[in-house]
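# Chains, contacts and geometry: an overview
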Amino acid sequence: MVAPLALVLSISIAGIASAWLSGSARIPFVAGLDRYLPAALGKLHPRTATPYVALMVHGFFSAIFLALSFARGASVKEAFSILLALAVVLQLVPFLYIYAALIKLGLRRGPADGHYGKPVLMASGLSGLITTALGMVVAFVPPPNTASGWSFDGKMAFGTLFFLGLAGFFYFFYGRRKSPRMQMS
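The structure contained in this document is the topic of the report that follows. For every chain, the first residue of the written sequence is number 1, and numbering continues from 1 along that sequence. Per-residue local features are limited, in this predicted model, to residues with pLDDT of at least 70; the limit for side-chain atom pairs, both in listing and counting, is 80 or more; totals at the level of whole chains, interfaces and linings are taken over all residues. Hydrogens and water molecules were not included; the side-chain quantities draw on all heavy atoms of the structure.

## Section: the nonpolar core
The following threshold applies: We define a nonpolar core as any set of buried Ala, Val, Leu, Ile, Met, Phe, Trp, Tyr and Cys residues linked to one another through side-chain atoms lying within 4.5 Å. Accessible area is worked out with a 1.4 Å probe on protein chains only. A residue is then buried under 20% of its type maximum, exposed over 50%, and partly exposed in between. Secondary structure counts use DSSP, requiring at least four H or I residues in a row for a helix and at least two E residues in a row for a strand, with both numbered from the N terminus. Should any heavy atoms of two residues lie within 4.5 Å, those residues are counted as being in contact.
Core analysis: the largest hydrophobic core is formed by 10 residues, namely Phe65, Ile82, Ala85, Leu86, Val89, Val93, Met136, Ala139, Phe152 and Met156. For this core, the leading source of residues is helix H3 (residues 76-108), giving 5 residues. Not counting residues within four places of it along the chain, the set of residues in contact with Phe65 comprises Leu83, Leu86, Gly159 and Phe163. Judged by nonpolar contacts, the second largest core, of 7 residues, contains Ala25, Leu41, Val53 and Ala54.

Okay, here's the thing in structure tokens:
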């Protein structure tokens, strides 16, 4: 019974890793097509039609960040905890924008604008913003198996600031370089 379960588990893990790598590499690929990242990231392999440059760049940076997760003697479990918590924080950032936009929309609306009134929009936006921010703060709480809470929080802060800074750099640098035709569409 153990051998078939191990085989199925191995196939499952390979599928999850494949989906994570190929799915995450699609974001830089599309950003390369839209010229928010270097255009080379938008290239497809001539034979396999895969975004091979985006996959290689993604694999390179993933390997570097994985190596940094093991810095200062972190165990595999601790490195995984850091990467998981960092993924949670980074994936919640767009929701902060969405809920802040909902609050802004609620502040702008007149009495007869749209389906929802000001109180509903404001309550929805504030509750979403507070819940999302709280989720991000909780992700910074080190798990019980962590050797050093300061090390965990330092790696989380560095990773969050690094990726947000990198995203901001590419957005503003390559966003200005887009052709007028691309900006109109």
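## A word on the packing of aromatic side chains
Under the convention used in this document: Each aromatic pair joins two rings of Phe, Tyr and Trp (for Trp, the six-membered one) with centres within 6.5 Å, and gets the label stacked for planes under 30 degrees apart, edge-to-face for over 60, and tilted for any other angle.
Counted by the stated rule, this structure contains 3 aromatic pairs. For the ring pair Phe158 and Phe162, a centre distance of 5.9 Å and an interplane angle of 20° mean the geometry is stacked. With Phe158 and Phe162 both in helix H5 (residues 149-177) and 4 residues apart, the pair spans about one turn of that helix. Summarising the aromatic geometry, the rings of Phe162 and Phe163 are spaced 5.1 Å apart at their centres and angled 75° between planes, so their arrangement reads as edge-to-face. Ring pairs connect the aromatic residues Phe158, Phe162 and Phe163, which therefore count as one cluster.

## Re the packing of H3 against helix H4 (residues 118-139)
Just so we agree on the cut-off: Note on geometry: axes are C-alpha line fits, over the in-contact stretch for helices, and angles between N-to-C directions span 0 to 180 degrees. Orientation categories follow fixed angle ranges, with anything under 35 degrees roughly parallel, anything over 145 roughly antiparallel, 65 to 115 roughly perpendicular, and all other angles oblique. Put simply, a crossing is left-handed when the front helix is turned counterclockwise from the back one by less than a right angle, and right-handed when it is turned clockwise. Ten residue types, Ala, Val, Leu, Ile, Met, Phe, Trp, Tyr, Cys and Pro, are classed as nonpolar, four, Asp, Glu, Lys and Arg, as charged, and the remainder, Gly among them, as polar.
Two elements in contact, H3 and H4, have axes whose closest approach is 8 Å; the angle formed by their N-to-C orientations is 160°. Between H3 and H4, the crossing angle belongs to the class labelled roughly antiparallel. Judged by the sense of rotation from one axis to the other, the crossing of H3 with H4 is left-handed. Among the residues making up the contact of H3 with H4, the classes are represented as 20 nonpolar, 6 polar and 1 charged.

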